[in-house]
Amino acid sequence: MSELVSDLDGSGLRLRQESVDARHGILLYLEEVTVTFDGFKAIDNLSLYIGDGELRCIIGPNGAGKTTMMDIITGKTKPDSGRVFFGQTIDLLKLDEPAIARMGIGRKFQRPTVIEPLTVLENLELAMSGAKRFRGLITTRLSGEERDRIDAVLEKVGLTEHSGRLAGILAHGQKQWLEIGMLLMQEPRLLLVDEPVAGMTPAEMDRTAELLRSLAGSHSVVVVEHDMGFVRSIADQVTVLHQGRVLAEGRLEELQIDPMVIEVYLGAGDAYH
Amino acid sequence: MVLPRWLLADRAGLVLLAVLAVISIGIPVLNLLVPPDHPLHLTAYTVTVLGKYLCYALLAVAIDLVWGYMGILSLGHAAFFALGGYCFGMYLMRQIGTRGVYGDPVLPDFMVFLNWQELPWYWHGFDLFWFAALMVLVVPGLLAFVFGWFAFRSRVSGVYLSIITQALTYALMLAFFRNEMGFGGNNGLTDFKDVLGFSLQANETRIVLFVLSALALAGGYLLCRWLVSTRLGRVLVAIRDSEDRARFLGYRVERVKALVFTLSAMLAGVAGALYVPQVGIINPGEFAPLNSIEAVIWVAVGGRGTLVGAVVGAVLVNYAKTWLTGALPEIWLFALGGLFVAVTLLLPRGLIGLLRRREATT
């Protein structure tokens, strides 16, 4: 019972002390991963490596397996086969969602998912790492150090003046930034960001690009995005997924002249600009 | 007196606590000190009815904690209320001693009637007040924990969870109806004489039970209010509004749910334990699915997710029930159903929501 109570966040002490070992420059390994849903191979023998501090964009037509891939990394879906490692040592397939989150993988959903009846500040407080043990939860106060951490993130995502407002009345773009801020409160090593600029104005897109670029280096950032202009503005390294596997990988300029990529994706339809 | 910030910010709660303080003093005065022929005199019957409302209000607060803040619509909370009631009823049964119809010093009347020779093992210890009081918390809490552990781990939620909680209380009702269960079958436990040596018929005892109910409600309210103002309270809201977000932030949602569900069941158990000595009987009818649904309606009427609304709803709806079932008994269920539909359509935030809106516009 005492373990149960002290472990509401779900990470055993053993896992907390184990730190991510990215000595070989690779933070995330997906190797030969396959997932089948009712006979349909959503992910088909996918191998993908994300470097430490890298900003990687993942593109691909609908049904290419982008969201399923995120589900696998964050523990929501377990693959039929394959290996998923965080650093050299942490086998993500053995962990569930809260444990993976606590290991340092933050996930932003496609639809902005902030807690609307809470203020911006309370949303960030909710996400704060280290506050999730039982004793940390049974408090109504913020310590000075916690307040400083929240202020730093507020500044980073540009919501300092809005800290006392309810998240529900923020503009769409501000909600997206707040959610990114919540991920940052978790002090993650890896950020998975699903379509961050869908529905944003051009000005909001520019700020988001700037924000994500500023996070790369100290974090690895994986962005799934449809908007080619946005992809061009943030990433050098782009992975094209198609039918659950990697079709091509490289710089966007190279990919855009790759006949195979053009055939399955870039040339298809008018949705991409 | 310095009040903590979380309480100072809760104006409606302070009003509620003040009202509870006033009635805890005023009602004993009106009953004990005002002479019986005076128009302001309150009869022991009225005091008991009011005490009953306070027990219902505590049950409503317990439901609001899990429904209003965590989004779990339990349609089986009356089960925890009834279990708390049965635990305390067992103590009261054992206090009867030789004063029962059959005069058996150990066995309650219904056991003698069933030709049982000795007390079933699970009745042992219930002659001790402290043991029974402990069981009032432990039995509902344990059931809620085991139930919650499995249900939440399997990620049963929404309507499915509500249906399972209905099944839970229905199953308990059927079980308690059976004489072989050893809880008095469909007659339940009744004919109580005294508690801790004080006669349950005495005016003074009834007053004390009333005041204890008010204190329990105040305590339960404060506990819940404090809980929802902590970080854990915000986690509950996160679970209610976006369970996945909470999970991907690193919270083990099913554990939080099981823990808070257990706490809520314990509060419901306390409410049941205070209810039984006041009404003088506990029978399997208390497990009826309708009772749980009624309690949810109290919360909806008052305004869910406010705690104070739960109290207001419980008292008002039960007052209406007392009045209507006296005046026009056949329409009560229709009125209740109509009330639920009306509140859901017209007042989604309940009576408290209405007050808050007034306040915001003026």
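Residues numbered from 1 in each chain as written. Chains lettered and ligands numbered in written order. Predicted model: local features only at pLDDT ≥ 70, side-chain atom pairs only at ≥ 80, totals over all residues. Heavy atoms only, no water.

Here we come to the pairing of strand β3 (residues 55-59) of chain A. All names here are of chain A. Within β3, 5 of the 5 residues are buried, leaving the element largely enclosed by the surrounding structure. Side-chain alternation along β3 places Leu55, Cys57 and Ile59 on one buried face and Arg56 and Ile58 on a second face that is also buried. Pairing between β3 and strand β9 (residues 237-242): 4 bridges, direction parallel. Pairing of isoleucine 59 across the sheet is with valine 240, part of β9. (Buried < 20%, exposed > 50% of the residue type's maximum accessible area, 1.4 Å probe, protein only. Helix = DSSP H or I, 4+ residues; strand = E, 2+ residues; numbered from the N terminus. Pairing = 2+ DSSP bridges.)

A word on the confidence of the model for chain A. Residues and elements named next belong to chain A. Within chain A, residue pLDDT values average 85, and 88% of them lie at 70 or more. A low-confidence stretch, residues 9-17 (pLDDT under 50), is modelled with 18 contacts involving residues beyond four sequence positions or located in other chains. Long-range and interchain partners of residues 269-273, a stretch whose pLDDT sits below 50, account for 6 contacts in this model, where long-range means more than four residues apart. (pLDDT = per-residue confidence, 0-100. Contact = heavy atoms within 4.5 Å.)

To summarise the sheet geometry, strands pair through backbone hydrogen bonds and adopt either a parallel or an antiparallel arrangement. All names here are of chain A. Strand order in the open sheet made by the 4 strands is β2-β1-β4-β5, with antiparallel pairing throughout. Every interior strand has two partners, whereas the edge strands, β2 (40-51) and β5 (90-91), have only one. In the sheet, strand β1 (residues 26-37) pairs with strand β4 (residues 81-86) via 5 bridges, with the strands oriented antiparallel. When the bridges of β4 are listed, tyrosine 29 appears paired with phenylalanine 85.

Take the packing of helix α12 (residues 289-302) of chain B against helix α14 (residues 332-346) of chain B next. All names here are of chain B. Two numbers describe how α12 lies on α14: the axes approach to 10 Å, and their chain directions differ by 45°. When the interaxial angle is binned, α12 and α14 end up oblique. Crossing hand, α12 versus α14: left-handed. Between α12 and α14, the contacting residues are Leu290, Glu294, Ile297, Ala300 and Val301 on the first element and Trp332, Leu333, Leu336, Leu339, Phe340 and Val343 on the second. Here the contact of α12 with α14 is built from residues that sort into 10 nonpolar, no polar and 1 charged. (Axes fitted to C-alpha atoms, helices over the stretch in contact; angles between N-to-C directions. Parallel < 35°, antiparallel > 145°, perpendicular 65-115°, else oblique. Left-handed = near helix turned anticlockwise from the far one by under 90°. Nonpolar A, V, L, I, M, F, W, Y, C, P; charged D, E, K, R; others polar.)

In this complex, chain B contributes 29 residues to the contact, which on the side of chain A involves 42 residues. Broken down residue by residue, the surface that chain B buries against chain A is led by Arg231, Arg245 and Phe248 of chain B, which jointly contribute 27%. At the junction of chain B and chain A, the tally comes to 8 salt bridges. With a closest N to O distance of 2.6 Å, arginine 231 of chain B and glutamate 125 of chain A form a salt bridge. The interface formed by chain B and chain A holds 15 residue pairs in polar contact (both at pLDDT 80 or more) in total. Elements represented by at least two residues in the side of chain B that touches chain A include exactly α1 (5-8), α6 (129-153), α8 (203-229), α9 (231-241), α10 (243-248) and α11 (253-279) of chain B. (Buried area = accessible area lost by both parts, 1.4 Å probe. Salt bridge = Lys/Arg side-chain N within 4 Å of Asp/Glu carboxyl O. Polar contact = N/O pair within 3.5 Å; in protein donor to acceptor, adjacent residues only side chain to side chain.)

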